[in-house]
There are 2 protein chains.
Amino acid sequence: MTDTAPLRLGIAGLGTVGIGVVKIIRRQAALLQDRAGRPVVITAVSARSKDKDRGVDLSDYAWEDDPVALAKRDDIDVFVELMGGHEGPAKDACEAAIATGKDIVTANKALLAHHGQELALAAEEAGVRIRYEAAVAGGIPIIKSLLEGLAGNEITRVMGVMNGTCNYILTQMQATGRGYNALFEECAELGYLEADPNLDVGGIDAGHKLSILSSIAFGTQVNFDAVELEGIQRIQLEDIEHAAEMGFRIKLLGVAQMTGRGLEQRMSPCLVPASSPLGQLEGGTNMVVVEGDAVEQVVLRGPGAGEGPTASAVMGDVMDIARGISIPTFGQPASTLRPVTGAKAAKPAPFYLRMSLLDKPGAMAKVAAVLGDAGVSINRMRQTSHDEKLAPVLVVTHKCTRDALDAALKGFAETGVVDGDPVAIRIEEL
Amino acid sequence: MTDTAPLRLGIAGLGTVGIGVVKIIRRQAALLQDRAGRPVVITAVSARSKDKDRGVDLSDYAWEDDPVALAKRDDIDVFVELMGGHEGPAKDACEAAIATGKDIVTANKALLAHHGQELALAAEEAGVRIRYEAAVAGGIPIIKSLLEGLAGNEITRVMGVMNGTCNYILTQMQATGRGYNALFEECAELGYLEADPNLDVGGIDAGHKLSILSSIAFGTQVNFDAVELEGIQRIQLEDIEHAAEMGFRIKLLGVAQMTGRGLEQRMSPCLVPASSPLGQLEGGTNMVVVEGDAVEQVVLRGPGAGEGPTASAVMGDVMDIARGISIPTFGQPASTLRPVTGAKAAKPAPFYLRMSLLDKPGAMAKVAAVLGDAGVSINRMRQTSHDEKLAPVLVVTHKCTRDALDAALKGFAETGVVDGDPVAIRIEEL
Ligand SMILES: NC(=O)c1ccc[n+]([C@@H]2O[C@H](COP(=O)([O-])OP(=O)(O)OC[C@H]3O[C@@H](n4cnc5c(N)ncnc54)[C@H](OP(=O)(O)O)[C@@H]3O)[C@@H](O)[C@H]2O)c1
Ligand SMILES: NC(=O)c1ccc[n+]([C@@H]2O[C@H](COP(=O)([O-])OP(=O)(O)OC[C@H]3O[C@@H](n4cnc5c(N)ncnc54)[C@H](OP(=O)(O)O)[C@@H]3O)[C@@H](O)[C@H]2O)c1
């Protein structure tokens, strides 16, 4: 049943994650062999520049300039894609790997969010595996837990804080009283931001991850376009402070659940209780909460990125392949995954609203009237002191639907007394 | 590669967990089939009394009075052992299952803690699987995470709060100011305690679980006898209160780590920071912390017991078998697991000590001298007010080795001024 020949890897991408994987394979060769029942070896590698000093000796491995050529080599069993990007070389090389019968291990959430379904179908047809533990929540074994450990559950909800940079910015705003812009600059200097920072602060990276979890949880085709995305760029220090006064923290939280109208997937700032596990999550740590009909609630927490943790996840996948573990990419055959349309949040929730009112008579009354007309009732409302022409107003609503809230937001624009777009943050029930 | 014939289960034990499993298989037949690529069906069941109303219709399943006969039936593929007990029918039936080529799924930590190595060897020889996700930390997929998801790591430490009843008692003492005895009685009435309550409050059940985790983490033979066990029976309200004043909580915490002198496994009350994830764990919830050379630290949290969560874990194993996933019982061939001797905690730690001094002149000085002679230095020391002949004394030490502490404890006995055995609780570094 078990294969004892060496499992031969071709690794494309020798950056943070790729070098982390090389280090583990060199450092733990004996342990990996004990556990896999066979050696795990690297045959060939690829990156952009051959001559870069990467701090590890790569001379034992064949070099390919072209990751597609690497994927096609007949002396590798597994193509390990650690380059990134959802088009171009990563996609081309994965397709080449599938076409030439190689299993794939990747950390590339963008690739799977955009092309997960077509790649899974192709892999299935070719009889090869695609594994991607490292693509979601770094070192946390969440993909395996959802795919396998919790496979006896009908999943009812998946939630997660899955972008360490956003969580770092938000927790540092809270802890230090520094503003969003200052922390954004700090992250840029520390190298915490992607080349396109909107991937992080715009919620796109975390949205990619959520769309992957949704597919496994609900047996649906990955549908990143159906994720309602909202970034953290508009969160101001005063929002953090008001939230804290009320016993909340603001997190960039992903929530996925199946509704009668379709799959609800949203990645947006939310208020969560300060005393909850999600509320207490600090810095770059990630957390995923899975709720199922049998298991109730399981919470997994760990480092969301970094060389060691991400390489640990990649190696989990490699070890599974070495051990002959084979299940469909998203837990059931890709051909049986259902296409889904996106659904707006169906469950009513309270919302936090912050807006600026022009200093005109009757402005507050107009705002209150708009809320009333939309069927949104007010829990608290407060106009804070001001010297300027604009008066900052905070509202916490009672539970209302997203539709009702959107009607109110539209109504505000028509009053002529609300300056710009109000900030609306859902208060999430945990 | 994949088998599409129905996977046929024989379930022995129709109590809390067994009935939970039957319910999932009836409720989620279609979902399980989608995910496994084959139907998962129950062929036969066994329990003590055939006529008991168990709230579910069992008439479709063959009945066996004798679990050994069930295990031997040739119309089952998997023997699901949910009776409990480390000798007698559970062990006999598992041996019969192995002898007749059936895979085994069990929730029985006592059985594995006592006979894990011999069962794993027998299973390996017979080419069958033993899976036991439900045996440790209920619904948390910790066995799978350690065995598979984190298989690329050299594990450096495993810690866990894994007995819900003890955690309930300790957190209720803290929350309500009620004493240990009152809460013990309450647990007895609520049915939270095992038939032999010492399994819970004596730390034995949690120690069983720790010994299983150790085997996977360190590639060693399960060695429950090497677990240093200490229960929560001697923890008093004043300990909880003093700990809280210093910013700590008391938890029945398991810790396993490999040392130069052998495998350190201890299950004992510990002080942990109140603000840490372990410190915040309330009621019956379990938590396991895994530290590895690559992943750093992963924390898993979830319900440690109960019908749904435990059945969820059993079903995770059943689904793995249905999907053809096969790895050695403890992650590497049982014949390659190393025997280990137990090692006392090697790392120095601060300790909390509470003792009663006889009201004799120079008593405090004698205690201080014993500590000094043993090389244990004092961080704080306090004698609380008293009317009685006995003066309660609290000491928090600086970091010292367990050996030094034991020397001091021995020394106290010889002073003639210390009444009874002092309570000594390690302050665990997280
Ligand atoms: N970093 C993390 O903590 C983390 C966490 C989870 C997931 N991920 C994912 O893991 C993947 C890799 O991330 P990373 O942080 O390791 O990236 P990185 O440090 O930027 O490394 C990327 C590597 O890919 C190589 N590469 C890029 N384009 C190439 C091409 N056309 N042909 C050959 N090689 C090419 C680069 O070569 P040169 O070195 O020669 O430039 C570099 O070695 C991404 O999908 C990312 O989203 C990363
Ligand atoms: N309960 C939990 O939350 C939980 C959590 C984790 C692990 N576990 C483990 O799961 C196992 C089962 O626990 P449980 O709580 O479900 O126990 P339980 O409610 O006491 O049920 C035990 C079942 O086994 C049957 N049984 C006992 N001796 C038998 C024998 N000689 N022959 C045939 N059937 C026999 C009993 O039959 P009758 O019903 O006819 O008496 C009963 O149906 C134990 O190993 C336990 O440690 C339990």
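Residues numbered from 1 in each chain as written. Chains lettered and ligands numbered in written order. Predicted model: local features only at pLDDT ≥ 70, side-chain atom pairs only at ≥ 80, totals over all residues. Heavy atoms only, no water.

**Brief notes about the domain arrangement of chain A**
Much of the literature gives interface size as the accessible area that the parts lose upon coming together.
All names here are of chain A.
No. 1: Entries for chain A in the domain assignment read domain 1 (7–135), domain 2 (142–303 + 338–343) and domain 3 (351–427).
No. 2: The C-alpha-based centres of domain 2 and domain 3 are spaced at 26 Å.
No. 3: Each partner contributes to the interface: domain 2 provides 16 residues, whereas domain 3 provides 14 residues.
No. 4: Our enumeration of links across domain 2 and domain 3 arrives at three salt bridges.
No. 5: A salt bridge links arginine 382 to glutamate 245, with the nearest nitrogen and oxygen atoms 3.7 Å apart.
No. 6: On the surface where domain 2 and domain 3 come into contact, there are six residue pairs in polar contact (both at pLDDT 80 or more). (Domains from an automatic or database assignment. Contact = heavy atoms within 4.5 Å. Salt bridge = Lys/Arg side-chain N within 4 Å of Asp/Glu carboxyl O. Polar contact = N/O pair within 3.5 Å; in protein donor to acceptor, adjacent residues only side chain to side chain.)

**Here we look at the sheet that holds strand β3 (residues 62–64) of chain B**
Residues and elements named next belong to chain B.
No. 1: In space, the six strands of this open sheet follow the order β3-β2-β1-β4-β5-β6, with parallel pairing throughout. With partners counted over all chains shown, the strands left at the sheet margins are β3 and β6 (130–131), one partner each.
No. 2: Both strand β5 (residues 103–106) and β6 contribute to a ladder of two bridges, which runs parallel. Among the inter-strand pairings, valine 105 is bridged to a residue of β6, identified as arginine 131.
No. 3: Sheet contacts for helix α4 (residues 89–99): β4 (78–81), β5 and β6; angle to β4, the most-contacted strand, approximately 170°. (Pairing = 2+ DSSP bridges. Helix = DSSP H or I, 4+ residues; strand = E, 2+ residues; numbered from the N terminus. Axes fitted to C-alpha atoms, helices over the stretch in contact; angles between N-to-C directions.)

**Thoughts on the packing of aromatic side chains**
Residues and elements named next belong to chain B.
No. 1: Following the criterion strictly, the structure yields six aromatic pairs over all chains and no others.
No. 2: Consider the rings of tyrosine 180 and phenylalanine 184, whose centres lie 6.0 Å apart with planes at 35°: the pair is tilted. Remark: phenylalanine 184 and tyrosine 180 occur in helix α8 (residues 180–190); sequence separation between them is four residues, near one turn of the helix.
No. 3: The class for tyrosine 180 is buried, based on a relative accessible area of 10%.
No. 4: Given the relative accessible area of 18%, phenylalanine 184 is considered buried. (Phe/Tyr/Trp six-rings, centres within 6.5 Å; stacked < 30°, edge-to-face > 60°. Buried < 20%, exposed > 50% of the residue type's maximum accessible area, 1.4 Å probe, protein only.)

**Looking at the interface of chain B and chain A**
No. 1: Opposite the 51 residues of chain B that make contact, chain A presents 51 residues.
No. 2: Of the roughly 4100 Å² buried between chain B and chain A, counting both surfaces, carbon and sulfur atoms make up 51%.
No. 3: The largest per-residue losses of area from chain B upon contact with chain A belong to Arg35, Arg301 and Arg323 of chain B, which jointly make up 15% of the total buried on that side.
No. 4: Joining chain B to chain A, the criterion identifies four salt bridges.
No. 5: For lysine 144 of chain A, the salt bridge identified is with glutamate 148 of chain B, shortest N-O distance 2.6 Å.
No. 6: Counting every contact that joins chain B to chain A gives 20 residue pairs in polar contact (both at pLDDT 80 or more).
No. 7: Those elements that place two or more of their residues in the side of chain B that touches chain A are α1 (16–27), α2 (29–36), α6 (142–149), α10 (204–218), β12 (296–303) and α12 (307–322) of chain B.
No. 8: Per element, the largest residue contribution to the side of chain B that touches chain A is eight residues, and it comes from β12 of chain B.
No. 9: When its residues are assigned to classes, the side of chain B that touches chain A shows 24 nonpolar, 16 polar and eleven charged.
No. 10: Note that strand β12 (residues 296–303) of chain A and β12 of chain B share three bridges and pair antiparallel. Each bridged residue has a counterpart across the sheet, and for arginine 301 of chain A the counterpart in β12 of chain B is valine 299 of chain B. (Buried area = accessible area lost by both parts, 1.4 Å probe. Nonpolar A, V, L, I, M, F, W, Y, C, P; charged D, E, K, R; others polar.)

**Structural notes on the site of ligand 2**
All names here are of chain B.
No. 1: Close to ligand 2 lie 23 residues, the nearest being Leu14, Val17, Ser49, Arg54 and Gly306.
No. 2: A distance of 3.1 Å is found between an oxygen atom of ligand 2 and a backbone nitrogen or oxygen belonging to glycine 15.
No. 3: Contact distances for ligand 2 include 2.7 Å between an oxygen atom and a backbone N or O atom of glycine 306.
No. 4: Relative to its free-state accessible area of 900 Å², ligand 2 is covered by the protein chains to the extent of 78%.
No. 5: In terms of residue class, the shell around ligand 2 is made up of ten nonpolar, nine polar and four charged. (Near = heavy atom within 4 Å. Areas by Shrake-Rupley, 256 points an atom, 1.4 Å probe, with all protein chains shown as cover.)

**Details of the confidence of the model for chain A**
No. 1: Residues with a pLDDT of 70 or more make up 100% of chain A, whose mean pLDDT is 96.
No. 2: Interface confidence for the predicted complex, expressed as ipTM, amounts to 0.96; the pTM equals 0.97. (pLDDT = per-residue confidence, 0-100.)

**Some points on unusual backbone geometry**
Residues and elements named next belong to chain A.
No. 1: One non-glycine residue, glutamate 296, lies in the positive phi region at around 70°.
No. 2: Examined against the element boundaries, glutamate 296 turns out to sit in strand β12.
No. 3: According to the relative accessible area criterion, glutamate 296 is partly exposed, its value standing at 47%.

**Here we look at the site of ligand 1**
All names here are of chain A.
No. 1: Lining the immediate environment of ligand 1, one finds 23 residues, of which Leu14, Val17, Ser49, Arg54 and Gly306 sit closest.
No. 2: Interatomic distance of 2.9 Å between a backbone N/O atom of valine 17 and an oxygen atom of ligand 1.
No. 3: Contact with the protein chains removes 79% of the 900 Å² of surface that ligand 1 exposes when unbound.
No. 4: Residue composition of the shell around ligand 1, grouped by class: ten nonpolar, nine polar and four charged.

**Some thoughts on α8 of chain B**
Residues and elements named next belong to chain B.
No. 1: Regarding α8, the residues found buried are Tyr180, Leu183, Phe184, Glu186 and Cys187. Down the axis of α8, the smallest arc covering the buried residues is 160°, so these residues share one side. Residues of α8 that are exposed and point over 90 degrees away from its buried face: Asn181 and Glu189.
No. 2: Contacts made by the buried residues of α8 are with α7 (164–176) and α9 (198–201).
No. 3: Of the residues one or two after α8, glycine 191 is the one with positive phi, at around 75°. (Arc of directions from axis to C-beta.)

**Focus on the pattern of salt bridges**
No. 1: Under the defined criterion, the tally for this structure stands at 57 salt bridges over all chains.
No. 2: Residue glutamate 291 of chain B is joined to arginine 157 of chain B by a salt bridge in which the shortest nitrogen-to-oxygen separation is 2.9 Å. In this pair, glutamate 291 of chain B sits in strand β11 (residues 285–292) while arginine 157 of chain B sits in strand β7 (residues 155–161), placing the two residues 134 residues apart along the sequence.
No. 3: Between glutamate 264 of chain B and arginine 266 of chain B there is a salt bridge, with its nearest N and O atoms 2.7 Å apart.
No. 4: Each of the salt bridges in this network shares a partner with another, and the network as a whole consists of Arg131, Lys144, Glu148, Asp317 and Asp320 of chain A together with Arg131, Lys144, Glu148, Asp317 and Asp320 of chain B.

**Observations concerning the relation of the copies chain B and chain A**
The relation between the two copies of this chain is a rotation about an axis and a shift parallel to it.
No. 1: You can overlay chain B on chain A at an RMSD of 0.0 Å; the transform is a turn of 180° with a shift of 0.0 Å along its axis. Look at the turn and shift together and you get a two-fold axis relating the two. No C-alpha of chain B approaches the rotation axis more nearly than that of leucine 300 of chain B, which lies at 2.3 Å. (Least-squares fit on C-alpha atoms with pLDDT ≥ 70 in both.)

**Quick look at the sheet that holds strand β2 (residues 40–46) of chain A**
Sheet strands pair by backbone hydrogen bonding; their relative direction is either parallel or antiparallel.
Residues and elements named next belong to chain A.
No. 1: Taken together, six strands build an open sheet; the order of strands is β3-β2-β1-β4-β5-β6 and the sheet is parallel. The open sheet has two free edges, formed respectively by β3 (62–64) and β6 (130–131), since each of these has just one partner strand.
No. 2: Here four bridges tie strand β4 (residues 78–81) to strand β5 (residues 103–106), and the two strands are oriented parallel to one another. Residue valine 78 lies in a different strand from β5, and its bridge partner there is aspartate 103.

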